[in-house]
Amino acid sequence: MDDNLDKVAYEVRQCTKCILHLYRKNAVPGEGNPNAKIMFIGEAPGYNEDIQGRPFVGAAGKLLTQLIEEILNLKRNEVFITNIVKCRPPENRDPKEEEITACSQYLDRQIILIKPKIIVTLGRHSTSYILNKAGINFKGITSIRGKIIKVKLFNLNFTLIPTYHPAAVLYNPQLKEELIEDFKKIKEEYYKERKGLERFF
C-alpha cells in the first residue's frame, strides 16, 4: 500500500516504539499543507501540544504562527509543522537519543511525502538530526542559525535554514531580533523558489 500522511499520523498515534508513549495524552504527528513548500521541524510536543494533539499551540506556537503570518505572509495551514519526536517528554525535558532514533522514521517519511523546497529546523535537536543525516557536521545552533544550506537527502534537494526554537526566544528575548532576521531570510528563499517555479508555467 502506498504511504501517505494520514497513514503516518495513524501510526504515530498507535506508536509504542519508545518509553514516551507511556506518558502521553496525545501523540502529535504534525499538521499543515501536504504539498507545503516550507516545512518547520521542532523538537518535541510540550504540555499544550500533548493536550490538543497538535504541534506548536502553546506560547512558542503563538510566536511561530505570528512569524509565519507577519513575516512570510503565509497562513499557518499553508506550511507543514511537525517535531522530530512526536510525544511529549516528561517535564518537557530534551528528547533522548534513543527516542529520536525510534521516532525519526516518521519524520523521514513526512519529508519524503511532502517534498518541501525549504526545511526550517527550530532548535538544535532537529538541526543536528537533518545535518547528520545529510553528512554535514553540526557545531551548535548559534554558529549555524540563519545559514542557507543546500541539502540532498532521500533523493530530494531542498534548502535547510536552521534557526532558534521559538521557546528559546521566550526564555531569552534578546534572541528575538535574530529569529526575525532568520525569518526574513526564509521569506527571501521562499519567494526565490516561487519565481523559479513560475518560469515553468
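Remember, it's a predicted structure, so these values are computed and weren't measured experimentally. Each residue is numbered by its place in its chain's sequence as written, counting from 1. Side-chain atom pairs in this predicted model are given and counted only at pLDDT of 80 or more, local residue features only at pLDDT of at least 70, and totals for whole chains, interfaces and linings cover all residues. For side-chain calculations, the full set of non-hydrogen atoms in the structure is used, while hydrogens and water are omitted.

Hey, could you run me through the pairing of strand S6 (residues 156–163) in this one?
Every other side chain in a regular strand lies on the same face of the sheet, so the side chains alternate between the two faces. To sort residues, take the accessible area from a 1.4 Å probe on protein chains only and compare it with the maximum for the residue type: under 20% means buried, over 50% means exposed, and anything in between is partly exposed. We count a stretch as a helix when DSSP gives it H or I for four or more residues in a row; a strand needs E for two or more, and each element gets its number in order from the N terminus. The buried fraction of S6 amounts to seven of the eight residues, a majority that puts the element mostly inside the structure. The turn linking strand S5 (residues 149–153) back onto S6 is made up of two residues, and Phe154 within it adopts a positive phi angle of 55 degrees. Strands are treated as partners if at least two bridges between them are detected by DSSP.

Hey, could you run me through the pattern of salt bridges in this one?
When the charged atoms of two side chains with opposite charge come close together, those side chains can pair. The salt bridge definition used is simple: a Lys or Arg side-chain nitrogen within 4 Å of an Asp or Glu carboxyl oxygen. This structure, assessed with the given rule, holds 13 salt bridges. In this structure, Glu31 and Arg54 form a salt bridge, with 2.8 Å as the shortest nitrogen-oxygen distance. With a gap of 23 residues between them, Glu31 in strand S1 (residues 31–32) and Arg54 in the loop between helix H2 (47–52) and helix H3 (59–70) connect regions that are remote in the sequence. Of the charged contacts, one joins Glu181 and Arg145 as a salt bridge, the two residues approaching to 3.5 Å between their closest N and O atoms. One end of the pair, Glu181, is in helix H8 (residues 176–198); the other, Arg145, is in the loop between helix H6 (141–144) and S5, and 36 residues separate them in sequence. Through salt bridges with shared partners, one network takes in Asp3, Lys7, Glu11 and Arg109.

Mind showing me how you'd approach the packing of aromatic side chains here?
Between two aromatic rings, the relevant description is the distance of the centres plus the angle of the planes. Stacked, tilted and edge-to-face are the three classes assigned to paired rings of Phe, Tyr and Trp, where Trp is represented by its six-membered ring and a pair needs centres within 6.5 Å; plane angles under 30 degrees give stacked, over 60 edge-to-face, the rest tilted. What the rule picks out here adds up to two aromatic pairs. The interplanar angle of 10 degrees and the centroid separation of 5.8 Å between the aromatic rings of Phe40 and Phe183 together place this pair among those described as stacked. With Phe40 in strand S2 (residues 38–42) and Phe183 in helix H8, this pair connects stretches of sequence that are 143 residues apart. On the accessibility criterion, Phe40 (0% relative accessible area) is buried. Considering the side-chain rings of Tyr190 and Tyr191, the 4.9 Å spacing of their centres and the 80 degrees angle between planes classify their relative orientation as edge-to-face. A residue is classified by how much of its surface remains accessible, and Tyr190, at 10% relative accessible area, is buried.

How do you make sense of H3 when you look at a structure like this?
Every α-helical turn comprises 3.6 residues, leaving residues that sit three or four positions apart pointing alike. When the terminal C-alpha atoms of H3 are compared, their 16 Å separation across 12 residues agrees well with the 16 Å that a helix rising 1.5 Å per residue should span. Looking at H3, one finds that the buried residues are Ala60, Gly61, Leu63, Leu64, Thr65, Leu67 and Ile68. To estimate the expected span of a helix, subtract one from its residue number and multiply by 1.5 Å.

Can you help me understand helix H4 (residues 97–114) in this one?
Relative to the 26 Å expected for 18 residues at 1.5 Å per residue, H4 spans 25 Å between its end C-alpha atoms, a close match to the ideal helical length. Within H4, the axis deviates most sharply at Cys103, by approximately 45 degrees. All of the buried residues along H4 are Glu99, Ile100, Ala102, Cys103, Ser104, Tyr106, Leu107, Asp108, Arg109, Gln110, Ile111 and Ile114. We call two residues in contact when some of their heavy atoms are within 4.5 Å. Residues of H4 that are buried in the fold lie against helix H1 (5–14), S2, strand S3 (80–83), strand S4 (118–122), helix H5 (124–133) and S6. Here the bend at a residue means the angle between the axes of two seven-residue stretches, the one that ends at it and the one that starts at it.

How should I be thinking about the environment of Thr121 in this particular structure?
Checked against the element boundaries, Thr121 lands in strand S4. Along the backbone, Thr121 and Arg54 are 67 residues apart, and their C-alpha atoms lie at a distance of 18 Å. Sequence-distant contacts of Thr121, defined by excluding residues within four places in its chain, comprise Ile41, Ser126, Thr127, Ile130, Leu160, Ile161, Pro162 and Thr163.

Would you mind going over the packing of H1 against H4 with me for this structure?
Each pair of packed helices can be described by the angle between their axes along with the distance between the axes. Packing of H1 against H4 leaves a shortest axis separation of 10 Å and a crossing angle of 170 degrees. When the interaxial angle is binned, H1 and H4 end up roughly antiparallel. Read as a crossing pair, H1 and H4 show a hand that is left-handed. For the pair H1 and H4, the contacting residues are Leu5, Lys7, Val8, Glu11 and Val12 in the first and Tyr106, Arg109, Gln110, Leu113 and Ile114 in the second. When the residues that make up the contact of H1 with H4 are grouped by side-chain class, the tally is six nonpolar, one polar and three charged. Axis lines are fitted through C-alpha atoms, for helices just across the contact stretch, and the angle between N-to-C directions can take any value from 0 to 180 degrees. Here roughly perpendicular refers to angles of 65 to 115 degrees, roughly parallel to angles under 35, roughly antiparallel to angles over 145, and oblique to all remaining angles. Two helices that cross are described as forming a left-handed crossing if the nearer one is turned anticlockwise from the farther one by less than a right angle, and a right-handed crossing if clockwise. Charged residues are taken to be Asp, Glu, Lys and Arg, nonpolar residues to be Ala, Val, Leu, Ile, Met, Phe, Trp, Tyr, Cys and Pro, and polar residues to be all remaining types, Gly included.

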